[in-house]
Amino acid sequence: MAHWAVVISDERHEAERLFHHDTLELTGVGRPRPGPGDEVLVVAGHESPVVVALGRVQMVAPEHDPDDPPPGEDEPLVVAYTRRAFDEPVPAERIALDRPVAPVDPDTFQAIIGSLRPAVDRSTWMVSLDLPIEASSPAEAVRVFWTYVMELGPRELPAFVSPAGDELAMQAFVLGEEANLDPEEEDEDSLGDSG
């Protein structure tokens, strides 16, 4: 088994951070490339690269006719996530990132894995999205709600999250990060800055 680093674009990083995916599929990877079972560090950021996830390369079932030539470099690279660090990335300055996919020596790979926060037990969270909707019926209100959600999505709509049974600990999140939605608190901060 070999160890690798794959670099994702800023746009892909944002999409992976905002939505939960089980796998990361990359195209145009070229050669050399990781093989099935190889471990992969997923790296984001070109200015200051950070490791945002760990994964293992999956075997891709061929969808081509056996009479066709074997798939080449355009075959997608599919990485199944084994640990995510999108909320607490680890610096990747120890990795030589001179191309989108690069081998990583075992000692460096193990040192970076050791820097990742250990996987924690899952707990139940209550997540809600409240929108005031004007409509002529409950069914229409639901249709308008889902239209807003699809059009605005996590980039513009705040989601509210709290541990199950502790609604007083509710926090607002926009773009996958905690957001302060209290206009009075923002006004107080701006008054404090000007004074």
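The preceding data block contains the structure.
Because the structure is a prediction, the values reported are computed rather than measured.

Each value, and the rule that gives it
Along each chain, residue indices are assigned from 1 in the same order as the chain's sequence is written. Side-chain atom pairs in this predicted model are given and counted only at pLDDT of 80 or more, local residue features only at pLDDT of at least 70, and totals for whole chains, interfaces and linings cover all residues. No hydrogens and no water enter the side-chain calculation; it runs on all heavy atoms of the structure. Strand pairing is assigned whenever DSSP detects at least two bridges linking the two strands. In DSSP terms, a helix is any run of H or I states spanning at least four residues, a strand is any run of E spanning at least two, and both are numbered starting from the N terminus. To get an axis, a line is fitted to the C-alpha atoms, and for a helix only the part in contact is used. The angle between two axes follows their N-to-C directions and goes from 0 to 180 degrees. A pairing counts as a salt bridge when a side-chain nitrogen of Lys or Arg comes within 4 Å of a carboxyl oxygen of Asp or Glu. Residues belong to one nonpolar core when they are buried, are Ala, Val, Leu, Ile, Met, Phe, Trp, Tyr or Cys, and are joined through side-chain atoms within 4.5 Å. Only protein chains enter the area calculation, which uses a 1.4 Å probe; residues under 20% of their type maximum are buried, those over 50% are exposed, and those in between are partly exposed. Note on definitions: a residue-residue contact is assigned when non-hydrogen atoms from the two residues lie within 4.5 Å. Here a polar contact means two N or O atoms within 3.5 Å. Within protein one must be a hydrogen donor candidate and the other an acceptor candidate, and residues neighboring in sequence count only if both atoms are side-chain atoms. A cavity here means a set of 1 Å grid points, computed over protein atoms only, where a 1.4 Å probe fits but cannot escape. A pocket is an open set with protein on both sides within 12 Å along at least 5 of 7 lines, and lining residues have an atom within 4 Å of a point. Grid points are joined across faces, edges and corners, and a volume is the space filled by probe spheres set on the points. All amino acids are sorted into three groups, where Ala, Val, Leu, Ile, Met, Phe, Trp, Tyr, Cys and Pro are nonpolar, Asp, Glu, Lys and Arg are charged, and the leftover types, Gly among them, are polar.

**Observations regarding the sheet that holds strand β8 (residues 125–128)**
Link 1 in the chain: With antiparallel pairing, the 4 strands of this open sheet are ordered in space as β8-β9-β10-β11. Only two strands of the sheet have a single neighbouring strand rather than two, namely β8 and β11 (177–179). Averaged over all neighbouring strand pairs, the angle between strand axes comes to 40°, with direction disregarded.
Link 2 in the chain: Pairing of strand β9 (residues 159–163) with strand β10 (residues 171–174) involves 3 bridges; the strand directions are antiparallel. Bridged to Ala159 within β10 is Phe173.

**Examining the pattern of salt bridges**
Link 1 in the chain: Taken as a whole, this structure holds 5 salt bridges when the rule is applied.
Link 2 in the chain: Between Glu16 and Arg12 there is a salt bridge whose closest N-O contact spans 3.2 Å. Placement of the pair is Glu16 and Arg12 together in helix α1 (residues 10–18), with a separation of 4 residues, close to one helical turn.
Link 3 in the chain: Arg17 is paired through a salt bridge with Glu177; the nearest N and O atoms lie 3.9 Å apart.

**Some thoughts on the nonpolar core**
Link 1 in the chain: Within the largest apolar cluster, 17 residues are counted, with the highest numbers of intra-cluster contacts made by Val6, Leu24, Leu26, Val42 and Leu77.
Link 2 in the chain: At the level of secondary structure, the elements contributing two or more residues to this core comprise β1 (3–8), β2 (23–26), β3 (39–44), β4 (50–57) and β5 (77–84).
Link 3 in the chain: Apart from residues lying up to four places away in sequence, Val6 is in contact with Leu26, Val40, Leu41, Val42, Val43, Leu77, Pro100 and Val101.
Link 4 in the chain: Counting residues in hydrophobic clusters, the runner-up holds 15 residues, among them Val7, Val51, Ile95 and Leu116.

**Section: the side chain of Arg33**
Link 1 in the chain: Here Arg33 lies in the loop between β2 and β3.
Link 2 in the chain: Within the structure, Arg33 has its side chain in polar contact with the backbone oxygen of Glu75 (distance 3.0 Å).
Link 3 in the chain: A distance of 3.4 Å separates the side chain of Arg33 from the backbone oxygen of Pro76, its partner in a polar contact.

**Thoughts on the layout of surface pockets**
Link 1 in the chain: The calculated volume of the largest pocket comes to roughly 1,700 Å³.
Link 2 in the chain: As for the largest pocket, its lining consists of 42 residues, and the residues nearest its centre are Arg17, His20, Arg84, Asp87 and Trp125.
Link 3 in the chain: Listed by contribution, the elements that provide at least two residues to the lining of the largest pocket are α1, β5, β8, α3 (138–156), β9 and β10.
Link 4 in the chain: Taken together, the residues of the lining of the largest pocket sort by class into 23 nonpolar, 9 polar and 10 charged.

**Quick notes on the pairing of β5**
Link 1 in the chain: Across 4 bridges, β2 lies against β5 in antiparallel orientation. The residue of β5 that forms the bridge with Leu24 is Val79.
Link 2 in the chain: Alignment of β4 against β5, held across 5 bridges, turns out to be antiparallel. The residue bridging Val57 from the neighbouring strand is Val79, located in β5.

**A short note on the environment of Pro34**
Link 1 in the chain: Inspection of the secondary structure puts Pro34 in the loop between β2 and β3.
Link 2 in the chain: With 32 residues separating them in the primary sequence, Pro34 and Ala2 have C-alpha atoms 7.3 Å apart.
Link 3 in the chain: Ignoring any residue separated from it by four or fewer positions in sequence, one finds Pro34 in contact with Trp4, Val40, Val57, Leu77 and Val101.

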